[in-house]
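# Chain and residue survey
One-letter residues, chain by chain:
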Amino acid sequence: MPLQAKPQTRAERTAYAETSRYDDVITFLEALKLPIIWMATSDQGRKVPLVTIGKGKLKVYVQANIHAGEVEGKEAALMLLRDLPSTHPKLLEKLTLFVCPIYNCDGNEKWGDGKRNRGSQDGPDVIGERANGAGLDINRDCMKAESPEMRGVLENIYLKHDPALVLDLHTTNGTRHGFHLTYSPPLSPNTDPDVLTYVRDTLLPTVRKKLDKDKAWKLFDYGNTERRGTERVWATFGEEPRYVTNYAGLRGRLAVLSEAASFLPFETRVKVTYDFVLAVLEEAAKDSTKIQKLVKDADKRRRSELGVRFEMAPRGTETIPLEKTRPESEIDHRKAPTEFEQVTLPIWDRFKPIQSRPVPKAYLVHDDSVIALLQRHGIQMKNLATPYTRAVQAFVVRQKSVGRVAFQGHKLVQVEGEWVAPTTGNIGGWIVPTDQPRQALLFHLLEPESLDGLVAWGLTEVEPQIMIFRLP
Ligand SMILES: [Zn+2]
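Thresholds applied
Residues numbered from 1 in each chain as written. Predicted model: local features only at pLDDT ≥ 70, side-chain atom pairs only at ≥ 80, totals over all residues. Heavy atoms only, no water. Buried < 20%, exposed > 50% of the residue type's maximum accessible area, 1.4 Å probe, protein only. Helix = DSSP H or I, 4+ residues; strand = E, 2+ residues; numbered from the N terminus. Pairing = 2+ DSSP bridges. Domains from an automatic or database assignment. Contact = heavy atoms within 4.5 Å. Buried area = accessible area lost by both parts, 1.4 Å probe. Salt bridge = Lys/Arg side-chain N within 4 Å of Asp/Glu carboxyl O. Polar contact = N/O pair within 3.5 Å; in protein donor to acceptor, adjacent residues only side chain to side chain. Nonpolar A, V, L, I, M, F, W, Y, C, P; charged D, E, K, R; others polar. Expected span 1.5 Å × (residues − 1). Arc of directions from axis to C-beta. Core = buried A, V, L, I, M, F, W, Y, C linked by side-chain atoms within 4.5 Å. Axes fitted to C-alpha atoms, helices over the stretch in contact; angles between N-to-C directions.

### Looking at the pairing of strand β4 (residues 95–100)
- Of all 6 residues in β4, 6 are buried; the element is thus mostly enclosed.
- Residues of β4 alternate between two faces, with L95, L97 and V99 on one and T96, F98 and C100 on the opposite face, all of them buried.
- Here strand β2 (residues 47–53) pairs with β4 via 3 bridges, running antiparallel. Each residue of the ladder has a partner; that of V51, found in β4, is V99.

What follows is the structure, encoded as structure tokens:
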């Protein structure tokens, strides 16, 4: 009897002229006969698939298509799910993979002209859009967790399986350089220091060298050229945990952002993303014992202070292949650069805290919507049976600014001030101790001066009504 032919992705079937639609993804996954759960229902009613493969101790979550015009992660994830059982059976003994190839289903189905949806991307001609069904950029939603996609992944991945490593797959259309793919570790300085150091200084440089040697792929830290003062630098993106990989890092987990270069042909982008994900998985499998210890130790780490304001920082200078300068009118942004110049630039690939605050013993919260959000993130807390009557501190606002235009549907709030003591408490609600594994995350959510917490997103307030107190 002939072996049943393995399913082909829509990209493969069309010689990379087209990318998979939602129905193509589901049909492909069903043909693989892997266990599928539906981890969310999108705003427009589509069920978001999550597939599990492997039976190893180390749990890894691979997420693609959060920005649905950035399509190579989706195709590479499907191909890996199909190929790994025959090409890398040993890897699947070391790892359990949870794969969501089409996180933003609604965005994927906002089918339109690639020239409009992704102006500087070399194919396919028709693709989806960046935003989800409600028009949100869900790679900004990790802290406020408003989208069904984020709520679903919190419940079905972060809380249920607590993966040690998270990969988030994208395409970048920034600076025109000589790299096939750029990557990033978690960027928040509040990330567990050992987790951050391992991803940034061991895992990613190892993968970079290996893929250069084995496949001639050129990889580098994610960045774009920009001016800082009088200097031209290579600078990364933001440290805020609203981004997926920064969020996973703040939970004390390893995370890797993958950004294939949009000016490369679609097929090349699928291939480099495929090879990159596979190389990260192989490296993680090799270091499985070490990684399991890293995340266990991260859960035990308690810090006396954490940052609330940060500044980008350099690691030194390196030489980067940039497209040779030529008139803008001569550049076709949908095609790869062909001539390069080697430019030595300071590499700003990290952040440092410039203002920190002590971590209190606990926060007291009497705002039910705050509590609901903390519970979604898996923060531990206790309901106060009787109001808390001992002295607590309240936050006094010295300075407050509110964004003039909405960002992701919110006018961002920035406050500065002091915790003042003592206020005699008579406070009902919940006590949230900081002596718990998600310490850095709950601090980032609850500390009023945090730029990506509940106050910042306007989801609670510190004046005129005080909803959060603390026990120093
Ligand atoms: Zn993206």
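### Observations concerning the domain arrangement of the protein chain
- Splitting the protein chain by domain gives domain 1 (10–302), domain 2 (313–352) and domain 3 (359–471).
- If you look at the interface, domain 1 gives 34 residues, while domain 2 gives 24 residues.
- Taking both partners together, domain 1 and domain 2 bury about 2,400 Å²; carbon and sulfur atoms supply 59% of that area.
- Considering only the side of domain 1, the residues that lose the most area to domain 2 are R176, R232 and W234, jointly responsible for 28% of the buried surface there.
- On inspection of domain 1 and its partner domain 2, the count reaches 3 salt bridges.
- Across the pair R315 and D221 runs a salt bridge, and its minimum N-O distance is 3.0 Å.
- Applying the counting rule to domain 1 against domain 2 returns 10 residue pairs in polar contact (both at pLDDT 80 or more).
- With 5 residues, the single largest contributor to the side of domain 1 that touches domain 2 is strand β11 (residues 231–235).
- Here the side of domain 1 that touches domain 2 is composed, by residue class, of 10 nonpolar, 11 polar and 13 charged.

### What about helix α11 (residues 288–300)?
- The end-to-end C-alpha separation of α11 is 19 Å, in line with the 18 Å expected for 13 residues at 1.5 Å each.
- Within α11 the residues assigned to the buried category are S288, I291, L294, V295, A298 and D299. The arc that holds every buried residue of α11, seen down its axis, measures 135°, which confines them to one face. Along α11, the residues that are exposed and aim more than 90 degrees away from the buried face are T289, K293, K296 and K300.
- The elements touched by buried residues of α11 are β3 (58–64), α8 (193–215), β12 (254–261) and α10 (266–286).

### As for the pattern of salt bridges
- Under the criterion given, the structure shown has 43 salt bridges.
- Between R118 and E70 there is a salt bridge; the shortest N-O distance is 3.2 Å. In this pair, R118 is assigned in the loop between α6 (114–117) and β6 (126–127) and E70 in the loop between β3 and α3 (72–87), connecting sequence segments 48 residues apart.
- Residue classification places R118 among the buried positions, given a relative accessible area of 8%.
- Its salt-bridge partner being R116, residue E129 comes within 3.4 Å of it at the nearest N-O pair. Residue E129 is found in the loop between β6 and α7 (148–159), and its partner R116 is found in helix α6; the two are separated by 13 residues along the sequence.

### Quick look at the nonpolar core
- Core analysis: the biggest nonpolar cluster contains 116 residues, and Y61, Y158, F276 and L446 have the highest contact counts within it.
- In terms of residues, this core owes the most to one element, α10, which gives 12 residues.
- Counting the residues that make up this core, at least three belong to each of domain 1 (10–302) and domain 3 (359–471).
- Among residues more than four places away in sequence, those in contact with L446 are Y363, V365, V370, L374, V432, L454 and I468.

### Brief notes about the sheet that holds strand β7 (residues 165–172)
- What the 8 strands build is an open sheet, ordered β1-β2-β4-β3-β7-β12-β8-β9; its pairing is mixed. With one partner strand each, in any of the chains shown, β1 (36–41) and β9 (219–221) form the two edges of the open sheet. Between one strand and the next, the sheet's axes are offset by a mean angle of 25°, whatever the strand orientation.
- In the packing of α8 onto the sheet, the strands contacted are β8 (181–184), β9 and β12, and the crossing angle to β12 comes to about 40°.

### Thoughts on the sheet that holds strand β14 (residues 317–323)
- If you walk across this open sheet you meet the 4 strands as β10-β11-β15-β14, and the pairing is mixed. In this open sheet, the two edge strands, each paired with only one partner strand, are β10 (224–228) and β14. Pairs of neighbouring strands in the sheet enclose a mean axial angle of 55°, with direction left out of account.
- Summarising the sheet, β10 and β11 pair through 5 bridges and their orientation is antiparallel. In the strand pairing of β11, T225 is matched with W234.

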